[in-house]
Each structure stands twice: as C-alpha cells, then as structure tokens.
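Residue-level listing of the chains:
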Amino acid sequence: MNLIVAVDAHWAIGLKNRLLVSIPDDMKFFRETTTGKVVVMGRKTLESFPGGKPLKNRVNIVMTANPAYQAGDAIVVHNDEELAEELAKYPSEDIYVIGGESIYRKLLPMCDVAHVTKIDYTYEADAYFPDLDKDPDWEITADSEEQTYFDLEYHFLKYERIK
C-alpha cells in the first residue's frame, strides 16, 4: 500500500482542515499518481475537497465513525474491519492513503511506499505526519531535483519501508 502527502520542514500537513500551501506541480503529481487508483481518507479530508465531493476517476474510500454518513459515490467504512474488507478487493499497489493525520497514523504501518513532497519552509499547523527521517524502518529511495514555486523550495521524495 502507498501513501501520498505534502509536508513542511517539521512534517506538518495542515491547519484548520486545510492544506498548508497549494503548489501546482504538487497538485499535478498527486492527480497523476492517484488517478485510476484507490484513495483512502478520513471524513474531514473528503470535506476539505471542493464541494466536499469525492475525487474524480478514483475509487474513494472514506473512513468515519458516523454510521449515517453519506458521501456521493464514495465507499464509506466505519471501522478497521470494514476498511480491511474493502481494501482486500484491490491490489495493494493501487491503494493510496491521502489523509488526514489520524488516517495516516492508522495506516502507515500497512504502507510500503510513501510519496512525500517535502517543502523547505515551516508553517503554522495543527496536523502532522510522522517524521519518516527519524523512523529506522523507512529510507529515501528517490529524490527529485530541487523544485521551486515562487520563493518556496521543495523536493519530491520516495520513501520505502526497509524489508
């Protein structure tokens, strides 16, 4: 299973249910990487999308404790067992965890690949991703050239779980 995330210099990912920054090339990378795949997210992540609608051209799986929650054509699961049952229907390499913080933390142990856009800047934030640089189970296996967006510098990194 994979995950995809954009983090700042301190592994922050959001503030008040919004991304810290919107970088067009990062959005393009996300779109190209996840289109035609399965994306797994929490309810608040889904609700942060335009119109609170599921992402087009993907299987959207939303995890929430609310048994009455509906989300368009998204598949809604309510616990770990329902999630495992749903994920078993798809090839692991086609599944991408896309947030937020609690979903990343819950599913990180099941992931083998992490696509991380690492932004060389520190933002005010209230949601964080675990620091893979400090986790001995993960290593960087690919690093892009330095990218820039106005005055921001960032890298597209690929981390893989050490077997």
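Below or above, wherever it landed, is the structure these notes cover.

With respect to helix H3 (residues 80-87)
Taken as a whole, H3 has its buried residues at Leu83, Glu86 and Leu87. Viewed end-on, H3 has its buried residues packed into an arc of 95°, placing them on one side of the element. Exposed and oriented more than 90 degrees from the buried face of H3 are Glu81 and Glu85. Looking at the buried residues of H3, the elements they touch are strand E4 (38-42), strand E5 (59-63), strand E6 (75-77), strand E7 (95-99) and helix H4 (101-107). If you check the start of H3, you find a side-chain oxygen 3.1 Å away from the backbone N of Glu81, and it comes from Asn79.

Considering the pattern of salt bridges
Here the structure, examined in full by the defined rule, presents nine salt bridges. Its salt-bridge partner being Asp94, residue Lys37 comes within 3.4 Å of it at the nearest N-O pair. You can see Lys37 sitting in the loop between helix H1 (24-34) and E4 and its partner Asp94 sitting in the loop between H3 and E7, a full 57 residues away along the chain. With a relative accessible area of 25%, Lys37 lands in the partly exposed category.

What counts, and at which threshold
Positions within a chain are numbered from 1, following the residues in the order the chain's sequence is written. Restriction of local features to residues with pLDDT of at least 70 applies here, the model being predicted, together with a cutoff of 80 or more for giving and counting side-chain atom pairs; totals for whole chains, interfaces and linings are based on all residues. Based on all heavy atoms of the structure, the side-chain values leave hydrogens and waters out of the count. Burial classification: accessible surface area is computed with a 1.4 Å probe over protein chains only, and a residue below 20% of its type maximum counts as buried, one above 50% as exposed, and the rest as partly exposed. Only DSSP runs of H or I covering at least 4 residues are called helices, and only runs of E covering at least 2 are called strands; the numbering of each starts at the N terminus. Summarising the geometry, the arc corresponds to the directions from the helix axis toward the C-beta atoms. The criterion used for residue contact is that any of the two residues' heavy atoms lie within 4.5 Å. N or O atoms closer than or at 3.5 Å make up a polar contact, with two conditions inside protein: a donor-capable atom paired with an acceptor-capable one, and, for residues adjacent in sequence, both atoms drawn from side chains. One speaks of a salt bridge when a side-chain nitrogen belonging to Lys or Arg is within 4 Å of a carboxyl oxygen belonging to Asp or Glu.

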